[in-house]
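Working through the structure, step by step
Each chain is listed here by its residues.
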Amino acid sequence: MGTTSNARIANDSLFCEAQLAMDKIIEQLLAMADEGATADEVTRMVAKDGTALLRELVQGYFDRRAEQERRVEVVGADGIERRDARVATRTIETPVGEVAVKRLLYQAPGVDGLAPLDAALGLPDEKYTHELRRIVAEESAKSSFDEVVELIEKRTGAHVPKRQVEELAVRAAQDFDPFYAERPSASEPTDDLLVLSFDGKGIAMRLEDLREATRKAAEAEPKRLHTRLVKGEKPNRKRMAQVATVYSIAPWHRTSADVLHGLHEDREQARPRPTNKRVWASAQRSAQGVIDDAFAEAHRRDPERRRRWVVLVDGQADQIRRVERAARKVGVKITMVLDIVHVLEYLWRAAYAFHQDGTPAAEAWVEHQLVKLLSGRTGGEIAKSLRMQAKAHALDADAARPVLKAAGYLVKHTKLLHYDRALVDGLPIATGVIEGACRYLVQDRLGRTGARWSLTGAEAILRLRALRASGDFEDYWQFHLAKEHARTHQSRYASGIVPNPLPSRRPRLTLVK
């Protein structure tokens, strides 16, 4: 703070200190103009001293509200009336620095005191204001906690230590599930497809926060050297985060030729874009729980099940079973499509058994298999062809392994390979949205080299990044503030009603002609 409370009492105006700070800035600007200071020098000075000015303005505002406070009747949620009131001062950290707030604290023997002015001013329990907490939440979603501490020091007048940054990020994300559960669904065209997709991504965790089986395996694995890993020793253990996305998209009717052309040239201008896209991930909830949540989100958008539900999968057996279980629970018919990119990866590995790596011949071979798939040939038919080619080329066991593996993959998932129907119906056949979500939500922030996460910290960052990626952060923050007010203030007063210690707003006078 720039001045003490006693010094402020002696001033004629609550904003006297702010005026002095402003006069000082103006004097400095005039002096710098005479000295020929550069634009950078001027802006640095204004940023530094301007923060002090803003802090004095905020302090003056709180002092004014303290002057306006009047006595009220205060009854706690415990039914006990707090009749004794005394002036108490608390300090709060704002984006422009630390200021003092004076207010009446109502007390009674054996119970906690209550300060109705705290509720009227929208102050949290702890030192850091909601606006500062918002900065922490937004920046923690993008940068490391150390970088957030540095940014706050450089760009604001506040100071928040690293541990507090981590704790504030966790508290900022606590209303994630209620926000989506209570949010009304937006109106969407019933002709649009409702698409769901899922994937998993590992996060390096602290030992105590690994899932039980992984933790036991990590504890059972002896560390042979103290200063480095030896060959074959895993550097860390990871906990899988389940990633989910739900979005709408207009049907895009195309042919196999369109798909092949799309592999060679940019045709993005013709592709419909996903709308009302929500992406999220959780390391805390089970994979089944996240998939169930995604189906609940889709059901909220289409409660009468009038739209076509499409689920893109990568072929993992557990994932398919969880999707089928979630669909039965909701009672919806789904169209499940195997991601074409995963199929192509198997085909490319098989191609190198017949052609040299990276050659046009290998590419032509893969495209030939792809054309057959897109044209309606079954997985079993193509698998039979692959086995015959392996036999015709007299491949040994090692060389034939990727070919036989691709054949087995196609046979296993032949019911999900009806790409000819999918193209005619305008369905998506690739999981680009969920792949991008895995990279953005998890890898870009939580996959940094050397990072080891606690479960609560990782979950909070995943939620904050999901809110940003889904374009919901602004709406969420207003929802979070309302929940915070209810938790921090309303819950402590009788009937959940906080008495207002401030005078009612003065009605504006209207000039009557």
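Right above here is the structure, for reference.
Structural notes, computed from the coordinates.

**Remarks on the overall build of the chain**
A tally of regular secondary structure across the chain gives 20 helices and nine strands. For 513 residues, the compact-globule formula gives about 24 Å, and the C-alpha radius of gyration of the chain, at 31 Å, lies well above that figure. Each principal axis of the C-alpha distribution contributes one length, and for the chain these read about 100 × 65 × 60 Å. Sorting the 513 residues of the chain into buried and exposed places 44% on the buried side. For the chain, contacts bridging at least 24 residues in sequence account for 75% of all contacts bridging at least 6. When the accessible surface of the chain is totalled, it reaches about 27600 Å², and 51% of it is carbon and sulfur.

**Details of the nonpolar core**
Formed by 110 residues in total, the largest nonpolar core has its most connected members in Phe 295, Val 343 and Tyr 419. A per-element tally of this core places helix 19 (residues 455-469) first, with eight residues. If sequence neighbours within four positions are ignored, Phe 295 has contacts with Leu 196, Phe 198, Trp 309, Val 311, Val 323, Ala 326, Ala 327, Val 330, Val 332 and Ile 334. Judged by nonpolar contacts, the second largest core, of eight residues, contains Phe 62, Val 101, Leu 117 and Leu 502.

**Considerations on the packing of aromatic side chains**
By the definition in use, this model includes 12 aromatic pairs. For the ring pair Phe 176 and Tyr 180, a centre distance of 5.1 Å and an interplane angle of 65° mean the geometry is edge-to-face. Of this pair, Phe 176 and Tyr 180 both sit in helix 8 (residues 176-182), four residues apart, which is roughly one turn of the helix. For Phe 176, a relative accessible area of 4% corresponds to the buried category. One aromatic cluster is present, formed by Phe 176, Phe 179, Tyr 180, Tyr 476 and Phe 479 through successive ring pairs. Taking the ring centre of Tyr 180 as reference, the NZ or CZ of Arg 278 above it sits at 3.5 Å. Note that Arg 278 overlies the ring of Trp 280, its terminal NZ or CZ placed 3.8 Å from the centroid.

**With respect to the pairing of strand 9 (residues 334-338)**
In this sheet, strand 9 lies alongside strand 8 (residues 309-313) in parallel orientation, the contact comprising five bridges. Counted as the bridge partner of Val 313 is Leu 338 from strand 9. For the handedness criterion, the β-α-β arrangement of strand 8, helix 12 (residues 317-330) and strand 9 is classed as right-handed.

**Structural notes on the packing of helix 18 (residues 432-446) against helix 19**
Packing of helix 18 against helix 19 leaves a shortest axis separation of 9 Å and a crossing angle of 130°. Looking at the two axes, helix 18 sits oblique to helix 19. In the packing of helix 18 onto helix 19, the handedness of the crossing is right-handed. Between helix 18 and helix 19, the residues in contact are Tyr 440, Leu 441, Val 442, Asp 444, Arg 445 and Leu 446 and Ala 458, Ile 461, Leu 462, Arg 465, Ala 466, Arg 468 and Ala 469, respectively. The residue inventory of the contact of helix 18 with helix 19, partitioned by class, reads nine nonpolar, no polar and four charged.

**Quick word on helix 11 (residues 287-301)**
For helix 11, spanning 15 residues, the distance from its first C-alpha to its last is 22 Å, which sits close to the expected 21 Å at 1.5 Å a residue. For helix 11, a buried count of 12 out of 15 residues is recorded, marking the element as mostly surrounded by other parts of the structure. Listing the buried residues of helix 11 in full gives Ala 287, Gln 288, Gly 289, Val 290, Ile 291, Asp 292, Ala 294, Phe 295, Glu 297, Ala 298, Arg 300 and Arg 301.

**What about the sheet that holds strand 9?**
If you trace the five strands from one edge of the open sheet to the other, you get 7-6-5-8-9, paired in mixed fashion. Each edge of the open sheet is held by one strand with a lone partner, namely strand 7 (275-282) and strand 9. For this sheet the average axis-to-axis angle between neighbouring strands, irrespective of direction, equals 20°. One ladder, built from four bridges, connects strand 5 (residues 193-204) with strand 8; its direction is parallel. Looking at the pairing, Leu 194 lines up with Trp 309 of strand 8. Where helix 12 meets the sheet, it contacts strand 5, strand 8 and strand 9, and its direction lies at approximately 170° from that of strand 9.

**Considerations on the packing of helix 14 (residues 360-374) against helix 15 (residues 379-392)**
Packing of helix 14 against helix 15 brings their axes to within 11 Å, and their N-to-C directions diverge by 150°. The pairing of helix 14 with helix 15 is recorded here as roughly antiparallel in orientation. In this structure, helix 14 contributes Trp 365, Gln 369, Lys 372 and Leu 373 to the contact, and helix 15 contributes Ile 382, Ser 385, Leu 386 and Gln 389.

**Quick word on a negative patch on the surface**
A cluster of acidic residues, Asp 34, Glu 35, Asp 40 and Glu 41, forms a negative patch on the protein surface. Taken together, the elements giving at least two residues each to the negative patch come down to helix 2 (16-35) and helix 3 (39-68).

**Points about the environment of Val 243**
With respect to the secondary-structure elements, Val 243 resides in strand 6 (residues 238-249). Distance from Val 243 to Cys 438, taken between C-alpha atoms, is 6.5 Å for residues 195 residues apart in sequence.

**Quick word on unusual backbone geometry**
Phi is positive for Asn 276, close to 50°, though the residue is something other than glycine. Tracing the backbone shows Asn 276 in strand 7.

**A closer look at the side chain of Gln 288**
On the secondary structure map, Gln 288 appears in helix 11. On the basis of relative accessible area, Gln 288 is assigned to the buried category, the value being 14%. Beyond its immediate stretch of four places on either side in the chain, Gln 288 contacts Arg 322, Arg 325 and Ala 326.

**Regarding helix 6 (residues 145-155)**
Of all the residues in helix 6, the buried ones are Phe 145, Val 148, Val 149 and Ile 152. Angular distribution of buried residues about the axis of helix 6 spans 100°; they occupy a single face of the element. With respect to the buried face of helix 6, the exposed residues turned more than 90 degrees away are Lys 154 and Arg 155. On the buried face of helix 6, the contacting elements are helix 5 (130-140), helix 7 (162-172), helix 18 and helix 19.

**Concerning the side chain of Arg 301**
Structurally, Arg 301 is set in helix 11. Arg 301 gets classed as buried once you look at its relative accessible area, which sits at 8%. When residues no more than four places from it in sequence are discounted, the contact partners of Arg 301 are Ser 185, Glu 188, Leu 194, Val 246, Tyr 247, Ser 248, Asn 276, Arg 278 and Arg 307.

Criteria and cut-off values
- Residues numbered from 1 in each chain as written.
- Predicted model: local features only at pLDDT ≥ 70, side-chain atom pairs only at ≥ 80, totals over all residues.
- Heavy atoms only, no water.
- Helix = DSSP H or I, 4+ residues; strand = E, 2+ residues; numbered from the N terminus.
- Rg over C-alpha atoms; globule rule 2.2 N^0.38 Å.
- Buried < 20%, exposed > 50% of the residue type's maximum accessible area, 1.4 Å probe, protein only.
- Contact = heavy atoms within 4.5 Å.
- Areas by Shrake-Rupley, 256 points an atom, 1.4 Å probe, with all protein chains shown as cover.
- Core = buried A, V, L, I, M, F, W, Y, C linked by side-chain atoms within 4.5 Å.
- Phe/Tyr/Trp six-rings, centres within 6.5 Å; stacked < 30°, edge-to-face > 60°.
- Lys NZ or Arg CZ within 6 Å of the ring centre and 35° of its normal.
- Pairing = 2+ DSSP bridges.
- Right-handed = clockwise from strand over helix to strand, strands pointing away.
- Axes fitted to C-alpha atoms, helices over the stretch in contact; angles between N-to-C directions.
- Parallel < 35°, antiparallel > 145°, perpendicular 65-115°, else oblique.
- Left-handed = near helix turned anticlockwise from the far one by under 90°.
- Nonpolar A, V, L, I, M, F, W, Y, C, P; charged D, E, K, R; others polar.
- Expected span 1.5 Å × (residues − 1).
- Patch = residues over 30% accessible without salt bridge, like charges linked within 9 Å, V, L, I, M, F, W, Y side chains within 5 Å.
- Salt bridge = Lys/Arg side-chain N within 4 Å of Asp/Glu carboxyl O.
- Lys, Arg positive; Asp, Glu negative; His and termini not counted.
- Charge placed at Lys NZ, Arg CZ, Asp CG, Glu CD.
- Arc of directions from axis to C-beta.

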